[in-house]
Amino acid sequence: MTITIKTAAEIEKMRIAGKLAADVLEFIAPYIVPGVTTNEIDQLCHDYIITQQDAIPAPLNYRGFPKSICTSVNYTICHGIPNDKKLKNGDILNVDITVIKDDYHGDTSKMFYVGDVTTHAKRLCKITQECLMLAIEQVKPGCTLGDIGYAIQKHAESNRYSVVREFCGHGIGKNFHEEPQVLHYGKPGAGIALQENMILTIEPMINIGKRHVKVLKDGWTAVTKDRSLSAQWEHTILVTPTGYEVLTLRKEEQ
Ligand code: MF3
Ligand code: CO
Ligand code: CO
């Protein structure tokens, strides 16, 4: 498979899918409080996507994933499976939403604070979001994948955090995961150059401790080997003639 360059009609559909994914994160925010379970959050998102958006939650049954969203708490890096455990005061939570609308995917995630969160957890979430935004600001035709990875790695490591290497961003469109792989570390100028009308996700996962990953026996849940806190933020990005357009932007970011 090669990297797909999207047509004007496809870009229009990706704008719609991206907006719907962002809307789900806005919808779910008020429900993320101590005592709620990630299964309840999953059910609310599932119903909202199907009933209000007339869209499809992409994770459900994707390669056997059993739920409609990913919920990754504290030392879970990504691909956490919603369950019946209650969130508690001080937890940090990533909610990762992917919707399919009119055959096209929109993919985005953000960190939520559950009640009152420690300063060091907040700092991790903030720096990880900065990693994502610094990477997005690199995006324009001619920028390389190495430029994107380097922007993330530099900001994370200069703050004494580590970058997860086992999972990456990706091209996206009719398929959930397309080429290219977008690594969150790298060297300036390395790798392929971006072209106008490519669409890709950037989704850095940053740990307070070491970068190493362990996947639990459920085959999905990726946790930090040293059980240190991990954060992730994700956007779906269009490469425009002069730079980028974030297809999954939320109101709080505008
Ligand atoms: N949304 C994730 C990503 O950003 C992928 C989740 S795959 C699933 O690429 F099966 F766990 F949903
Ligand atoms: Co993604
Ligand atoms: Co995602």
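Note that this is a predicted model, so its numbers are computed, not measured.

**As for helix H4 (residues 145-158)**
Compared with an ideal rise of 1.5 Å per residue, which puts 14 residues at 20 Å, H4 spans 20 Å between its outermost C-alpha atoms and is within 8% of the ideal. Of all 14 residues that make up H4, 10 are buried, and the element is covered over most of its length. The set of residues buried in H4 consists of Leu145, Gly146, Asp147, Ile148, Gly149, Ala151, Ile152, Gln153, His155 and Ala156. Where H4 is buried, its residues touch helix H3 (119-138), strand E6 (162-163), strand E8 (178-182), strand E9 (199-202) and strand E10 (205-207). Note on H4: the residue one or two positions beyond its end, Arg160, has a positive phi of about 65°.

**Structural notes on the sheet that holds E10**
Spatially, E6-E10-E13 is the arrangement adopted by the 3 strands of the open sheet, whose pairing is antiparallel. Each of the sheet's edge strands pairs with one partner strand only, and the pair in question is E6 and strand E13 (230-232). In the sheet, E6 pairs with E10 via 2 bridges, with the strands oriented antiparallel. Counterpart to Ser162 in the pairing with E10 is Asn207. Contacts from H3 reach E10 and E13, with the element oriented near 35° to E13.

**Remarks on the pairing of strand E14 (residues 235-239)**
Of all the 5 residues making up E14, 5 are buried; the element is thus mostly covered by neighbouring parts of the structure. Here E9 pairs with E14 via 4 bridges, running antiparallel. Each residue of the ladder has a partner; that of Thr201, found in E14, is Thr236.

**Observations regarding the coordination of the cobalt ion (ligand 3)**
On the protein side, the cobalt ion (ligand 3) has Asp96 (OD), Asp96 (OD), Asp107 (OD) and Glu234 (OE) as donor atoms, found 2.1 to 2.4 Å from it. One way to put it: the 6 donor atoms around the cobalt ion (ligand 3) meet at angles of 58 to 164°, and that makes the site irregular. Of note, the donors binding the cobalt ion (ligand 3) are all from one chain and are spaced D-x10-D-x126-E. A distance of 3.4 Å spans the gap from the cobalt ion (ligand 3) to the cobalt ion (ligand 2), which Asp107 bridges by coordinating each metal. You can see Asp107 sitting in strand E5 (residues 104-113) and its partner Glu234 sitting in the loop between E13 and E14, a full 127 residues away along the chain. For the pair formed by Asp107 and Glu234, the shared burial category is buried.

**So, the environment of Gln138**
By the element assignment, Gln138 lies in helix H3. As a C-alpha pair, Gln138 and Tyr150 span 12 residues in sequence and 10.0 Å in three-dimensional space. If near-sequence neighbours (up to four positions away) are discounted, Gln138 is found in contact with Cys143, Asp147, Ile148 and Ala151.

**With respect to the sheet that holds strand E12 (residues 222-224)**
What the 3 strands build is an open sheet, ordered E3-E12-E11; its pairing is antiparallel. Every interior strand has two partners, whereas the edge strands, strand E3 (76-78) and strand E11 (213-215), have only one. Each strand axis lies, on average, 40° off the axis of its neighbour in the sheet, ignoring direction.

**Notes on helix H2 (residues 38-52)**
Under the 1.5 Å per step criterion, the end-to-end length of H2 is 20 Å for 15 residues, consistent within 8% with the ideal 21 Å. The set of residues buried in H2 consists of Thr38, Asn39, Ile41, Asp42, Cys45 and Ile49. For H2, the angular spread of the buried residues around the axis is 155°, confining them to a single face. Summarising the geometry of H2, the exposed residues directed more than 90 degrees from the buried face are Thr51 and Gln52. Elements in contact with the buried residues of H2: helix H1 (8-28), strand E1 (56-57), strand E2 (70-73) and strand E4 (92-101). Downstream of H2 by a residue or two, Asp54 has a phi angle that is positive, lying close to 50°.

**Digging into the nonpolar core**
If you look at the biggest cluster of nonpolar residues, it comprises 31 residues, and the most contacted ones within it are Ile92, Ile148, Leu194, Ile202 and Ile206. Sorting the residues of this core by element identifies H3, H4, E9 and E14 as the ones contributing at least two each. If one sorts the elements of this core by residue count, H3 sits on top with 8 residues. Among all residues touching Ile92, those that are not within four sequence positions of it are Ser72, Val73, Asn74, Met111, Phe112, Tyr113, Val117, Ala121, Leu124, Cys125, Leu229 and Ser230. In terms of nonpolar packing, the next biggest core, distinct from the first, is built from 20 residues, Ala21, Phe27, Val95 and Val114 among them.

Rules used in this analysis
- Residues numbered from 1 in each chain as written.
- Chains lettered and ligands numbered in written order.
- Predicted model: local features only at pLDDT ≥ 70, side-chain atom pairs only at ≥ 80, totals over all residues.
- Heavy atoms only, no water.
- Helix = DSSP H or I, 4+ residues; strand = E, 2+ residues; numbered from the N terminus.
- Expected span 1.5 Å × (residues − 1).
- Buried < 20%, exposed > 50% of the residue type's maximum accessible area, 1.4 Å probe, protein only.
- Contact = heavy atoms within 4.5 Å.
- Pairing = 2+ DSSP bridges.
- Axes fitted to C-alpha atoms, helices over the stretch in contact; angles between N-to-C directions.
- Donors = N, O, S within 2.8 Å, 3.2 Å for Na, K, Ca; no water.
- Tetrahedral: all angles 85-135°; square planar, octahedral: opposite > 155°, others 65-115°.
- Arc of directions from axis to C-beta.
- Core = buried A, V, L, I, M, F, W, Y, C linked by side-chain atoms within 4.5 Å.

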